[in-house]
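Examining the three-dimensional arrangement
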Amino acid sequence: WYYVNRLAISSTGGVILAATRSGIWRSINGGTSWSQINAIETLDVNFDPVDNNKAIASSWFGQAWYSIDGGASWNPATFTGISVFADRVEVAYAPSSPTIVYASIQDNSGEIWKSIDGGQIYSQVNTGDNFLGTQGWYDNIIWVDPTDPNTLIVGGIDLWRSTSGGVTLTKI
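Note that the coordinates shown come from a computational prediction; the quantities given were computed from them, not determined experimentally.

It is worth spelling out the pattern of salt bridges at this point. Under the criterion given, the structure shown has six salt bridges. One salt bridge in this structure joins Asp-44 and Arg-6, with 2.8 Å as the shortest N-O distance. Of this pair, Asp-44 sits in strand β5 (residues 44-47) while Arg-6 sits in strand β1 (residues 4-9), placing them 38 residues apart in sequence. With relative accessibility at 1%, the residue Asp-44 sits in the buried group.

It is worth spelling out the packing of aromatic side chains at this point. Tallied over the entire structure, the rule returns three aromatic pairs. Note on Phe-79 and Trp-113: the rings are 5.5 Å apart at their centroids and 85° apart in plane angle, and the pair reads as edge-to-face. Of this pair, Phe-79 sits in strand β9 (residues 78-79) while Trp-113 is found in strand β12 (residues 111-115), placing the two residues 34 residues apart along the sequence. Judged on exposure class, the residue Phe-79 and its partner Trp-113 are both buried. With 5.3 Å between their ring centres and 50° between their planes, Trp-137 and Tyr-138 make a pair best called tilted. Under the relative-accessibility criterion, Trp-137 is labelled partly exposed at 42%. These aromatic residues form a ring-pair network of at least three members: Phe-79, Trp-113 and Tyr-122. If you follow Arg-21 out to its NZ or CZ, it ends over the ring of Tyr-3, 4.7 Å from the centre. Geometry around Trp-60 places Arg-88 over its ring, the cationic atom sitting 5.9 Å from the centre.

Within the secondary structure, Glu-111 is located in strand β12. One buried charged side chain, Glu-111, makes no salt bridge at all; its nearest oppositely charged neighbour is Arg-88, positioned 14 Å away. For Glu-111, the side chain forms a polar contact with the side chain of Trp-113, separated by 3.0 Å. In terms of polar contacts, Glu-111 uses its side chain to reach the side chain of Gln-124, at 3.0 Å. Glu-111 has contacts with Ala-103, Ser-104, Ile-105, Gln-124, Asn-126, Thr-127 and Phe-131, leaving out every residue within four places of it along the chain.

Criteria and cut-off values
- Residues numbered from 1 in each chain as written.
- Predicted model: local features only at pLDDT ≥ 70, side-chain atom pairs only at ≥ 80, totals over all residues.
- Heavy atoms only, no water.
- Salt bridge = Lys/Arg side-chain N within 4 Å of Asp/Glu carboxyl O.
- Helix = DSSP H or I, 4+ residues; strand = E, 2+ residues; numbered from the N terminus.
- Buried < 20%, exposed > 50% of the residue type's maximum accessible area, 1.4 Å probe, protein only.
- Phe/Tyr/Trp six-rings, centres within 6.5 Å; stacked < 30°, edge-to-face > 60°.
- Lys NZ or Arg CZ within 6 Å of the ring centre and 35° of its normal.
- Lys, Arg positive; Asp, Glu negative; His and termini not counted.
- Polar contact = N/O pair within 3.5 Å; in protein donor to acceptor, adjacent residues only side chain to side chain.
- Contact = heavy atoms within 4.5 Å.

In short, shape yes, function no, at least from these values alone.
Spelled out as structure tokens, the structure:
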């Protein structure tokens, strides 16, 4: 399982999830041994900041998943009205309100999507600001302020800030 893109470690440290080129891998013993959970290339994986049973992950082609059993199994997330041409997806929990999850998607040079149910169903909140430019397939990140679920930073080559839950962006 080569090319590890991201690691997520549960708050207890016992469960580790690895987003890799060969899929999601899971360790339940602190990394001593691993099991492959799915075989779809995965770019991002995160544990819910307050509930180790919940996790989110994302990939290419507008794909994202959620888990309610600590990453042992994954369900596809729904993006209401997403383009069939969407590319790279990056996801992030709002630490102060973990039912809120944001996704930065490489489509239309950058779109922000928001879930209010822990990453199961997403709705678009922003498109057309060109915050990813032509680099979103490679340079794509989203971060949520740990104390304010409406403050985000997204970016590709440049960084952009939102204090409105992604509705409006200002270049930093």
